[in-house]
Amino acid sequence: MPAKSNQHKKNTFKQQGKDTGNDLEGREITLSSLNAFVRSQRLKKTLGLFFLLFSIFLLLAFISYLFTWTQDDLWLDGKTLNWGFLTDDTLEVSNMMGRVGAVLAHLFVKKWFGVASFLVPFIFFLAGVRMLTGYRLLPLRKNTWYAIFFLLWVSTFLGFVIPDDHLLILGGGFGYEASRFLGGLLGVTGTALLLFFAMTAAVIIRFDPNFHAIGIFFGGRYQGSPQETAQAEDTGTNTWASGAEHEEIQTDGSAGGEPPAPEVELESNIVTAEADQVEQQEAGTTLELDADLEEKEKKPSGEGPDWEIEVASDKVTGSDYRELDDPYGKGNDEESKIAELGEYDPTLDLPRFKLPSLQLLDDRGSGTIHVNKQELEENKNRIIETLKNYSIEIDKIKATVGPTVTLYEIIPAPGIRISKIKNLENDIALSLAALGIRIIAPIPGKGTIGIEVPNSQPEIVSMKSILASERFQNSGFDLPIGLGKTIANETFIADLARMPHLLMAGATGQGKSVGLNAILTSILYKKHPAYVKFVLVDPKKVELNLFSKIERHYLAKLPDAEEAIVTETREVIRTINSLCVEMDNRYDLLKDAQARNVKEYNNKFIQRRLNPNMGHRFLPYIILFIDEFADLIMTAGKEIELPIARLAQLARAVGIHLVIATQRPSVNIITGTIKANFPARIAFRVTAKVDSRTILDSGGADQLIGRGDMLLSTGSDLLRLQCAFIDTPEIERLTEFIGSQRAYPDAFYLPEYTEEDVSASDAMDPTERDDFFEDAARLVVSTQQGSTSLIQRKLKLGYNRAGRIIDQLESAGIVGPFEGSKAREVKIKDEASLEQILRQDNM
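Definitions and limits used
Residues numbered from 1 in each chain as written. Predicted model: local features only at pLDDT ≥ 70, side-chain atom pairs only at ≥ 80, totals over all residues. Heavy atoms only, no water. Buried < 20%, exposed > 50% of the residue type's maximum accessible area, 1.4 Å probe, protein only. Helix = DSSP H or I, 4+ residues; strand = E, 2+ residues; numbered from the N terminus. Pairing = 2+ DSSP bridges. pLDDT = per-residue confidence, 0-100. Contact = heavy atoms within 4.5 Å. Salt bridge = Lys/Arg side-chain N within 4 Å of Asp/Glu carboxyl O. Expected span 1.5 Å × (residues − 1). Core = buried A, V, L, I, M, F, W, Y, C linked by side-chain atoms within 4.5 Å. Bend = angle between axes of the 7 residues up to and from the residue. Axes fitted to C-alpha atoms, helices over the stretch in contact; angles between N-to-C directions. Parallel < 35°, antiparallel > 145°, perpendicular 65-115°, else oblique. Left-handed = near helix turned anticlockwise from the far one by under 90°. Phe/Tyr/Trp six-rings, centres within 6.5 Å; stacked < 30°, edge-to-face > 60°.

## As for the pairing of strand S15 (residues 656–662)
- Counting buried residues along S15, seven of its seven residues qualify, which places the element largely inside the surrounding structure.
- Residues Ile656, Leu658, Ile660 and Thr662 of S15 are buried on one face, and the alternating residues His657, Val659 and Ala661, pointing to the opposite face, are buried as well.
- As judged from the four bridges shared by strand S11 (residues 502–505) and S15, these two strands associate in the parallel manner. Its bridge partner lying in S15, Ala505 is registered against Thr662.
- Pairing between strand S14 (residues 621–626) and S15: five bridges, direction parallel. Opposite Phe625, over in S15, you have Val659 as the bridge partner.

Below, the structure is given as structure tokens:
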């Protein structure tokens, strides 16, 4: 029997080889393998290593040539530099890098660009480090253009100021000939002016310095701020946005410039549209962005050395602001001074901060959607057959293929009840032998019934493709977050500021932490540190720890906190209550400024209509991220729930937003108070239908397929999405890039919060102690367990009486305070010390 099985496998293998073993297909396989090798990371790292070593080789050759050029030129001048010259062993050169080094140094230094040629190994070094390690020391493309400019300018300048052809190694042959040509064309003075103009123009383009001193020298008056254009864009006052900006969520494919997912028309028995391996390339994955272009668009145009920026900071005194009213007309001088200052720019504390580049993220998946005709045909036939078994006829069927799920839209024959099809959900899942079948009856806005079927070969949605999409790049949202792709293969971008809070739930390992990382990454790629701050709560201590590197850029914490990422329950309570204090303070500021929300308030502050001497300040958005909310509720209960509910009810108007994730979507964790203030909810796969109803108020989350498959509820209907995936190495590269830049002196400080000390006011009278107090004290000290249940069992007391005794023990200093699910700390370590305390109390 085993032999027969082996024979069957062998014959099958031969048959497959016979069907596919032609020359044309073999060539395609070879070309495909070659293409894969060319695009592989191995080749990239190999070239990086070569460039790195080649840069060192060139540097040593150039340095050696500065000392040996007179000897080597005796062999090199006037000779044809060909392969025969390099292989001639009779020629001995003095360059430490041999004949190849001598030839390269002779060409670059003497024949071409002179001492400016030392920029060439510098560029090779940057490229080598970038390709080998994946890290960039400096922006490669921008510095390559700078190097080319200085290569030509320095060579021409040295050829101009040192026109001696015997010192060609300074300016090189190019510099000598270029300066001689320009001298004949423009004269000596004209050439000097041209060189001065070229260098000055380069400095202006790179640093955009101001020339106020020149205007002041000629008695002029300043009429504008060089940061007006950049400020208008960064503060959201730009006027480019169309009507799409006022929509809460962008889902229309035409708005984002992305083509819709492939649609295949299927009739009852015949496939009417050609589905021969239709491939749809998503626009987002082909959009390459230049990090330098982002920098020019996002940053204020005025850049200079750090110390110059500090002196020219936008922090002015209260006399430079005008009050909200000026009944005596004394503000004319102040208004003219404000006009000279221009609008306030909150980014001037970090003027040279660069938003991350998309090159820090990895490409995942092919970026294409493959429509498999055979799979569509088989699923279509099974759906039709199953419905026919229950006497349900359909007129038409259409398939829309997404990255992980295909939506089959069917139009039932007249007279067919929708509920009849809805009840066949399990039967259709059985016939298709697939997990995650979901029936939408009917599809909102359409006269069809939808059947969602998972693809046999799902595609990974990379975070890079979401952030590179035109929809995300052109988004006018205050807090844009890229969640993933819809079932129609459209990039989904939402505005957290309009949600205004987000609740995420799902079973372990279904994508909650990845979803949190996707939200954090989206905001890091869009917002300067001056505009947004994060409060990170991580009871597991490992999920959000990677973001500790950006503490002084983006994170907020209590003034006395050692770490910005909050992990201990007691610190979580203090931090959330501190956010409540910050919320109340912000409402007071908005009241004084007569503003309804934080956006109006900040616009007034930017226009210098609010006086900082009156307590006004620029208010960044604050986003509270909580991972494993269930653990906090179990350990702290109402101490956590009440301030969270208060923030959810009131904080959105003052720019404080909440993103909460939990793996236990039970009613005692996600209470009615919390649900009422979280209209936007995300459900990953859960194990039970009751959990889905707890999160979404409807079923469906228990039928997801996992691995980032999620349902988003915005209050009215459900939207199925595939969450964007970002891995730990990408987060590390992102945080290291941000953390390596100049930062604020410290993290953003939240208001101080002091817990009320109730021990003194609630101290119990020793005369009112329970009769079993001393017995309970001896029991607790002897066992070193401060547990209510222990006292209840050993002394055979009711729970309420045992609880009162524990409170009395805490008042007497024998046990510590309540610590959630943990046993109380026993402060008295031996019975002798306990007896001494009891005697003192009895005296």
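Read on, since the account is not over.
## Details of the confidence of the model for the protein chain
- Looking at the protein chain as a whole, its pLDDT mean stands at 77, while 75% of the residues score no less than 70.
- Below pLDDT 50 for its whole length, residues 1–29 participates in one contact with residues either more than four positions away or in separate chains.
- For the stretch residues 757–763, pLDDT sits under 50, and the model shows one contact to residues farther than four places along the chain or on other chains.

## Some words on the pattern of salt bridges
- In this structure the tally under the stated criterion is 35 salt bridges.
- Two residues, Asp362 and Arg364, come together in a salt bridge whose shortest N-O distance is 3.8 Å.
- With a closest N to O distance of 2.8 Å, Asp770 and Arg801 form a salt bridge. Here Asp770 is found in the loop between strand S19 (748–749) and helix H28 (773–783), whereas its partner Arg801 is found in helix H30 (residues 799–811), with 31 residues between them in sequence.
- We classify Asp770 as buried; its relative accessible area is 18%.
- In this structure Arg801 comes out as partly exposed when scored by relative accessible area, which is 28%.

## Quick look at the pairing of strand S18 (residues 718–723)
- Note that strand S9 (residues 480–486) and S18 share three bridges and pair antiparallel. Following the sheet pairing, Gly484 is matched in S18 by Cys723.
- In this structure, strand S17 (residues 709–713) lies alongside S18, joined through five bridges in antiparallel fashion. The residue bridging Ser713 from the neighbouring strand is Leu718, located in S18.
- Joining the antiparallel neighbours S17 and S18 is a turn of four residues, in which Gly715 adopts a positive phi near 115 degrees.

## Overview of unusual backbone geometry
- For the bond from Met499 to Pro500, the omega torsion is -5 degrees, close enough to zero to count as cis.
- Among the structural elements, Pro500 can be located in the loop between strand S10 (491–495) and S11.
- Unlike most non-glycine residues, Asn489 shows phi in positive territory, near 65 degrees.
- For Asn489, the position within the fold is in the loop between S9 and S10.
- With a phi angle near 60 degrees, Arg608 is a residue other than glycine that sits in the positive phi range.
- We classify Arg608 as buried; its relative accessible area is 0%.

## What about helix H19 (residues 512–524)?
- Compared with an ideal rise of 1.5 Å per residue, which puts 13 residues at 18 Å, H19 spans 19 Å between its outermost C-alpha atoms and is within 8% of the ideal.
- Where burial is concerned, most of H19 is hidden: twelve out of the 13 residues are buried.
- Those residues of H19 lying buried are Lys512, Ser513, Gly515, Leu516, Asn517, Ala518, Ile519, Leu520, Thr521, Ser522, Ile523 and Leu524.

## Considerations on the nonpolar core
- Core analysis: the largest hydrophobic core is formed by 118 residues, its most contacted members being Phe534, Leu624 and Ile640.
- For this core, the element with the most residues is helix H21 (residues 569–593), which contributes nine residues.
- With residues up to four places along the chain from it excluded, the contact list for Leu624 reads Val535, Val537, Ile576, Leu579, Ile644, Leu647, His657, Leu658 and Val659.
- Grouped together as the second largest cluster of nonpolar side chains are 22 residues, Ile369, Ile394, Ile410 and Leu424 included.

## Quick look at helix H8 (residues 168–207)
- Between the first and last C-alpha of H8 there are merely 32 Å, a value that for 40 residues lags more than 12% behind the 58 Å anticipated at 1.5 Å per step.
- The axis of H8 is deflected most strongly, by about 110 degrees, at Leu186.
- Burial in H8 covers these residues: Leu168, Ile169, Gly171, Gly172, Gly173, Gly175, Ala178, Ser179, Leu182, Thr191 and Leu195.
- Where H8 terminates, the next one or two residues include Asp208, which has phi positive at roughly 50 degrees.

## Quick notes on the packing of helix H14 (residues 373–389) against helix H16 (residues 425–432)
- Viewed as axis vectors pointing N to C, H14 and H16 meet at an angle of 140 degrees, and their least axial separation amounts to 9 Å. By the angle class used here, H14 and H16 are oblique. Crossing handedness for the pair H14 and H16: right-handed. Along the contact surface, H14 presents Asn379, Arg382, Ile383, Thr386 and Leu387, while H16 presents Asp427, Ile428, Ser431 and Leu432.

## A look at the environment of Ala777
- By secondary structure assignment, the location of Ala777 is in helix H28.
- On the basis of relative accessible area, Ala777 is assigned to the buried category, the value being 0%.
- Sequence separation between Ala777 and Ile805 is 28 residues; the distance between their C-alpha atoms is 8.9 Å.
- Leaving out residues up to four positions away in the same chain, Ala777 has contacts with Leu809, Ile814 and Leu834.

## Thoughts on the packing of aromatic side chains
- In this structure the tally under the stated criterion is 16 aromatic pairs.
- Their ring planes at 85 degrees and their centres at 5.1 Å tell us that Tyr344 and Phe605 sit as a pair that is edge-to-face. Taken together, the residues span a long stretch of sequence, with Tyr344 in the loop between helix H13 (332–341) and strand S4 (368–371) and Phe605 in helix H22 (residues 598–606) at a distance of 261 residues. Here Tyr344 matches Phe605 in class, with each residue buried.
- Pairing Phe353 with Tyr554 gives two aromatic rings, centres 6.2 Å apart and planes at 70 degrees, and the pair type is edge-to-face. A residue pair is termed long-range when its members are at least 10 positions apart, and Phe353 in the loop between H13 and S4 and Tyr554 in helix H20 (residues 551–554) qualify at 201 residues. Per residue, the accessibility class of Phe353 equals that of Tyr554, and both read buried.

## Observations regarding the packing of H21 against helix H24 (residues 638–650)
- Contact geometry of H21 with H24 gives a least axis separation of 10 Å together with a crossing angle of 30 degrees. Relative to H24, the element H21 lies roughly parallel. Considering only the axes of H21 and H24, their crossing is left-handed. Residues Arg570, Val572, Ile573, Ile576, Asn577, Leu579, Cys580, Met583, Asp584 and Tyr587 of H21 touch H24, and the partners they reach there are Glu639, Ile640, Pro643, Ile644, Arg646, Leu647 and Leu650.

## Focus: the environment of Leu696
- Among the structural elements, Leu696 can be located in helix H26 (residues 689–696).
- Looking at Leu696, the relative accessible area reads 5%, which means it is buried.
- Those residues within four positions of Leu696 in sequence are excluded, and the remaining contacts are Arg681, Ala683, Ala701, Leu711, Ser713 and Leu718.

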